[in-house]
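Structural characterization, general
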Amino acid sequence: MFTRRATFLTLAVVLAACADGRQPVGLDPNRPARFVIVSGDGQTGDAGGDLAQPLTVRAVDANGNPVPNRQIALRVVAGGGSMYVGGGVSDVNGIVKDYWTLGTVAGDSQRVEARSVDPVSGNREVFGVFTAHAVAGAPVRVDPVNCRDFCSPTGQYLPYTGTVGRVVPAPFYVQVKDRFGNPVRRAGIAVKWTPSGDGTMFRTTTYTDSLGITGVRWYYGTVAGPQTLGVQVVGGEPSRTLFTGTANPGPAVNVDIETDSIHFTALNVNRSVSALATDQYGNVVSPVIFTSSNYSALTLSNNGYGTPTTLQSKQNGTFFIVATAGSVADTAVVVIRQVATSITFRTSFPTSMKVGQVVNMNDSPPDNYVIPRDSNNVIIQNPAFTSWSTTNPTVATISASGVLTAHAAGTVRVVPSIDGISADSPTITVSP
């Protein structure tokens, strides 16, 4: 009975003091206080992430009683992280809580100071320091590391020029990192490799060592041209192209000239001819080198290097060109035979003869009386006429070899034929 009355009496005193505008002794925010770290110190968390537990500070007086309504600030002083609120006012139990987001660099010093200003003296107070250890977060990306070959002066991988279907001589390495670029030094993380085209590697999925590093050997695809290799952490960010190169064609295994035979019907005529050399995968190989069996009769532009090349007909005959690429070659026949497209007669053509006189229309050049020309207006040497005739056989006749014989007085013309064309000569007057 006495205990209950004492309790009521104490409560009445407190209520009377509050009604009188005075704080009870146990709730005076202006009395000297000390501060203690309750929990949240020494945690380990992912860089850039929130710690699991809030930082908790308590204000108490000399007797250990809670001091409410004291402003307590929590300030990040190392590591670059942030507080959710930055502190607060102590509650009825003297408690202030706040959440700490760590800085983004794993291994950096992470510190938060608990601060206050003494309401009586106005002194600044730092009464506690929280520390935390930031570690790499979840593996989400990869970056190239350990460049041993094809490296720039700064250690970056350079584009490698190789051969289709062949392995690049050195392996490519990556290190797994978290979303802020901190290396995740942990074994067994799966990394997927995606080559362009039909490129291949020994394994398309590899696993990191204890340093978070893994690598592959890369076979270029079979199509000549740019090559890329994409990499990603399985379950992480999308694949990124981290390595590039160029695949050149392999050795030629076949070369084909566009045609098996080439025909010229005039001299001093140019004709372009191509050849295609390919490797085992069908990629075009260069250079192709052309040669001629007779450079006086059949010339080649640029000494026959490159395709297409230009042939020029210089003499009648049958010749060969050879296209070579590496150790393989192809041959084509080239036939040069002038075809007459016009017939003219020399100014010295005999326009008068005597009966019994004989004239050979095919005297040796340059005395031929009949001159056939090809489509390029080049004279056909030693022409093979198809036939000879005269317009008046009673006056003169001509043999199959072009020998004209005058028989009687009168006029006559010679008609030579070659390659399907013919022409009448100037009039010949035969006198007794």
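Residues numbered from 1 in each chain as written. Predicted model: local features only at pLDDT ≥ 70, side-chain atom pairs only at ≥ 80, totals over all residues. Heavy atoms only, no water.

1. Let's talk about the confidence of the model for the protein
For the protein, the mean per-residue pLDDT works out to 90, and 92% of the residues sit at or above 70. pLDDT under 50 marks residues 1–26. Its contacts with residues more than four places away, or in other chains, come to 9 contacts. (pLDDT = per-residue confidence, 0-100. Contact = heavy atoms within 4.5 Å.)

2. Overview of the sheet that holds strand 34 (residues 387–390)
Taken together, 3 strands build an open sheet; the order of strands is 34-38-39 and the sheet is antiparallel. Two strands lie at the open edges of the sheet, namely strand 34 and strand 39 (421–422), each paired on one side alone. Pairing of strand 38 (residues 414–418) with strand 39, which is carried by 2 bridges, proceeds in the antiparallel orientation. What sits directly across from Ser-417, in strand 39, is Ser-422. (Pairing = 2+ DSSP bridges. Helix = DSSP H or I, 4+ residues; strand = E, 2+ residues; numbered from the N terminus.)

3. Topic: the environment of Gln-156
Position of Gln-156 relative to the elements: it lies in the loop between strand 11 (141–145) and strand 12 (160–163). Beyond its immediate chain neighbours, meaning those up to four positions away, Gln-156 contacts Cys-147, Phe-150 and Cys-151.

4. Side note on unusual backbone geometry
Here the bond from Ser-286 into Pro-287 is cis, since omega is 0 degrees, no more than 30 degrees from zero. For Pro-287, the location among the structural elements is in the loop between strand 24 (275–278) and strand 25 (289–292). Phi angles above zero are rare outside glycine, and Asn-146 is one such case at about 55 degrees. Mapped onto the elements, Asn-146 comes out in the loop between strand 11 and strand 12. Take Asn-146: its relative accessible area is 36%, and that puts it in the partly exposed class. Notably, Phe-150 is not glycine yet its phi reads approximately 55 degrees, a positive angle. By secondary structure assignment, the location of Phe-150 is in the loop between strand 11 and strand 12. (Buried < 20%, exposed > 50% of the residue type's maximum accessible area, 1.4 Å probe, protein only.)

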